[in-house]
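The lines below spell out each chain.
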Amino acid sequence: MDASRDSAFSPAKALDEALAGALEHRIAGSLYRSRTTVDGPQGVEPVIDGRSYISFCSNDYLGLANEPRVRAAFIRAVSEYGVGSGASHLVTGHLRPHHALEEELADFTGRARALLFSTGYMANLGLTAALTGRGDTLFEDRLNHASLLDAAVLSRARLRRFPHGDVGALERVLTDDAGGRKLVLTDGVFSMEGDIAPLREESRVAWEQGAWLVVDDAHGLGVVGPTGRGSLEVHGLSCDDVPILMGTLGKAFGTFGAFVAGSHALIETLIQQARSYIYTTALPPAVAAAARTSLRIVQDEPWRRDHLADLVRRFRHGVQALGLPLLDSTTPIQPVVLGDAHHALQAAIRLGERGIFVVPIRPPTVPRGGARLRIALSAAHTPDHVDRLLDALAELAP
Ligand SMILES: *Cc1c(COP(=O)(O)O)cnc(C)c1O
């Protein structure tokens, strides 16, 4: 102990005092975030604090997170490969299930190669910083996922944001920019809006202006397009139109992790240079094995997408009859925009009292004044679940 130190001074207490103001400010603005502990597996009928709810806020769009064959594949792979991968991919952590999954993802996306990353957040940071640096420019839709925006900071490239889905504005910023490499980055399906980016036009202007288009299809792959090949399938686009495709495994595929798919040169460049790939432990191999089974189910069971599309239609029809402000979306992401954060929070509490679990999405995840109930439908929902949601929403109607 340093006896000369003022015995009343506590660094830990001083830190708490320094943090307290911002926390109190969040509470006052209805912006405080808190977690809910769910007992049991992810599913549409979770048990929370001993009470069972119908949940409309997971990204498990196809109901695969707890699917028996996916579970069995995971358990089998644990028996064979253990739990931890034990090292990064470039050392000794690249195991057979990882490699097999990469080959199957390349096949599924119609590309030469795919590369697994431990998370989607890391895939976006890694690919952006590997491909661009000082003197280069990134063009991003204003409503892109946080990981794409954060990637710009890490890459040190210049960031130009364009208004959501505005191809004319993208073309203008692309034209007046000089020098360096240019990447246009966009969500395929926007995570908080549910709309699909105008990828055909974006790929055209990117090509005309010497830029490459990167699509993050975290919410599209497995879910949209007749065969679940995502927003590129919806628009009929190939590897030439969108040379860099990123997808995640934690949403429709029900597991965990992410990947980038593209040409041999792209993937080899990422293996050499993507720091979030190089300097991190490889995914547990059993996660990759489970994702291989999910990928099969995504391809073999189109009924999941058909059922989901029916639920989306049923929900939209019901909400429109109620006159609630629903965004224009054909995907399972169906946001009801309430505007003010306090209003959204109160609405979520009232739905909770009726046994409906929906998390309110508030700034800064969405723009100020855009607080919403982000309703996410899943193939695991029944029409009755949707009707019960509509009954509860009726109470919020104007
Ligand atoms: C969820 C998400 C990510 C991050 O993926 P994780 O694997 O959860 O880290 C990236 N981009 C978009 C658009 C997402 O919705």
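For the structure, see preceding data.
Residues numbered from 1 in each chain as written. Predicted model: local features only at pLDDT ≥ 70, side-chain atom pairs only at ≥ 80, totals over all residues. Heavy atoms only, no water.

### Here's the deal with the nonpolar core
Here comes step 1: Phe315, Leu373, Ile375, Leu377 and Leu393 are the most contacted members of the largest nonpolar core, which has 57 residues in total.
Here comes step 2: Both of domain 1 (30–59 + 302–396) and domain 2 (68–300) provide at least three residues apiece to this core.
Here comes step 3: Residues in contact with Ile375, not counting those within four places in the same chain, are Phe56, Phe315, Pro332, Ile333, Gln334, Pro335, Val336, Val358, Leu389 and Leu393.
Here comes step 4: Among the nonpolar cores identified, the runner-up in size contains 24 residues, and Leu127, Leu138, Leu183 and Leu185 belong to it. (Core = buried A, V, L, I, M, F, W, Y, C linked by side-chain atoms within 4.5 Å. Buried < 20%, exposed > 50% of the residue type's maximum accessible area, 1.4 Å probe, protein only. Domains from an automatic or database assignment. Contact = heavy atoms within 4.5 Å.)

### Some thoughts on the sheet that holds strand S11 (residues 258–262)
Paired through their backbone hydrogen bonds, the strands of a sheet run either parallel or antiparallel.
Here comes step 1: Taken together, seven strands build an open sheet; the order of strands is S5-S11-S10-S9-S8-S6-S7 and the sheet is mixed. Two strands in the sheet have a free side with no partner beyond their single neighbour: strand S5 (113–117) and strand S7 (158–162). Averaged over all neighbouring strand pairs, the angle between strand axes comes to 20°, with direction disregarded.
Here comes step 2: With respect to the sheet, helix H6 (residues 146–155) is in contact with strand S6 (137–141), S7, strand S8 (182–187) and strand S9 (212–216), its orientation differing from that of S6 by roughly 165°. (Pairing = 2+ DSSP bridges. Helix = DSSP H or I, 4+ residues; strand = E, 2+ residues; numbered from the N terminus. Axes fitted to C-alpha atoms, helices over the stretch in contact; angles between N-to-C directions.)

### Here we look at the environment of Val205
Here comes step 1: Turning to its location among the elements, Val205 is positioned in helix H8 (residues 199–208).
Here comes step 2: Overall, Val205 belongs to the buried group, its relative accessible area being 0%.
Here comes step 3: Excluding its chain neighbours within four sequence positions, the residues that come into contact with Val205 are Val167, Leu170, Glu171 and Leu174.

### Re the site of the ligand
Here comes step 1: In the vicinity of the ligand there are 13 residues, among which Gly120, Tyr121, Asp216, His219 and Lys251 approach most closely.
Here comes step 2: Residue Asp216 places a side-chain N or O atom 2.5 Å away from a nitrogen atom belonging to the ligand.
Here comes step 3: Within the side chain of His219, an N or O atom sits 2.5 Å from an oxygen atom of the ligand.
Here comes step 4: In isolation the ligand exposes 380 Å². Once the protein is present, 83% of that is buried.
Here comes step 5: Ranked by residues supplied to the shell around the ligand, first place goes to helix H5 (residues 120–131) with three residues.
Here comes step 6: Classifying every residue of the shell around the ligand gives two nonpolar, eight polar and three charged. (Near = heavy atom within 4 Å. Polar contact = N/O pair within 3.5 Å; in protein donor to acceptor, adjacent residues only side chain to side chain. Areas by Shrake-Rupley, 256 points an atom, 1.4 Å probe, with all protein chains shown as cover. Nonpolar A, V, L, I, M, F, W, Y, C, P; charged D, E, K, R; others polar.)

### What about the pattern of salt bridges?
Here comes step 1: Under the criterion given, the structure shown has 15 salt bridges.
Here comes step 2: Between Arg69 and Glu67 there is a salt bridge, with its nearest N and O atoms 2.8 Å apart.
Here comes step 3: For Glu67, a relative accessible area of 8% translates into the label buried.
Here comes step 4: With a closest N to O distance of 3.3 Å, Arg204 and Glu208 form a salt bridge. Here Arg204 pairs with Glu208, and both are found in helix H8, just four residues apart, close to one helical turn.
Here comes step 5: Residue class for Arg204 comes out partly exposed when judged on its relative accessible area of 40%.
Here comes step 6: Taken together, the shared-partner salt bridges in this structure form one network comprising Glu67, Arg69, Glu301 and Arg304. (Salt bridge = Lys/Arg side-chain N within 4 Å of Asp/Glu carboxyl O.)

### Side note on the sheet that holds strand S15 (residues 371–376)
Here comes step 1: Strand order across the open sheet formed by three strands is S12-S15-S14, with antiparallel pairing between neighbours. In this open sheet, the two strands that pair with only one neighbour each are strand S12 (333–339) and strand S14 (360–361).
Here comes step 2: Looking at chain direction, S12 and S15 are connected through six bridges and run antiparallel. Directly across from Val336, in S15, lies its bridge partner Leu373.
Here comes step 3: Relative to the sheet, helix H14 (residues 341–353) contacts S12, S14 and S15, its axis offset from that of S15 by approximately 40°.

### Some points on the packing of aromatic side chains
Here comes step 1: Overall, the coordinates contain three aromatic pairs when judged by the stated rule.
Here comes step 2: Taking the centre distance of 6.3 Å and the plane angle of 85° together, the rings of Phe108 and Phe253 count as edge-to-face. Of the two residues, Phe108 is situated in helix H4 (residues 96–109) and Phe253 in the loop between strand S10 (244–248) and S11; the sequence distance between them amounts to 145 residues.
Here comes step 3: Using a relative accessible area of 1% as the deciding quantity, one classes Phe108 as buried.
Here comes step 4: Between the aromatic rings of Phe117 and Tyr277, the centroid separation amounts to 5.5 Å while the plane-to-plane angle is 65°, which identifies the pairing as edge-to-face. Of this pair, Phe117 sits in strand S5 while Tyr277 sits in helix H11 (residues 275–278), placing them 160 residues apart in sequence. Considered together, Phe117 and Tyr277 belong to a single accessibility category, that of buried residues.
Here comes step 5: We note Arg51 situated over the ring of Tyr53; from NZ or CZ to the ring centre the distance is 5.1 Å. (Phe/Tyr/Trp six-rings, centres within 6.5 Å; stacked < 30°, edge-to-face > 60°. Lys NZ or Arg CZ within 6 Å of the ring centre and 35° of its normal.)

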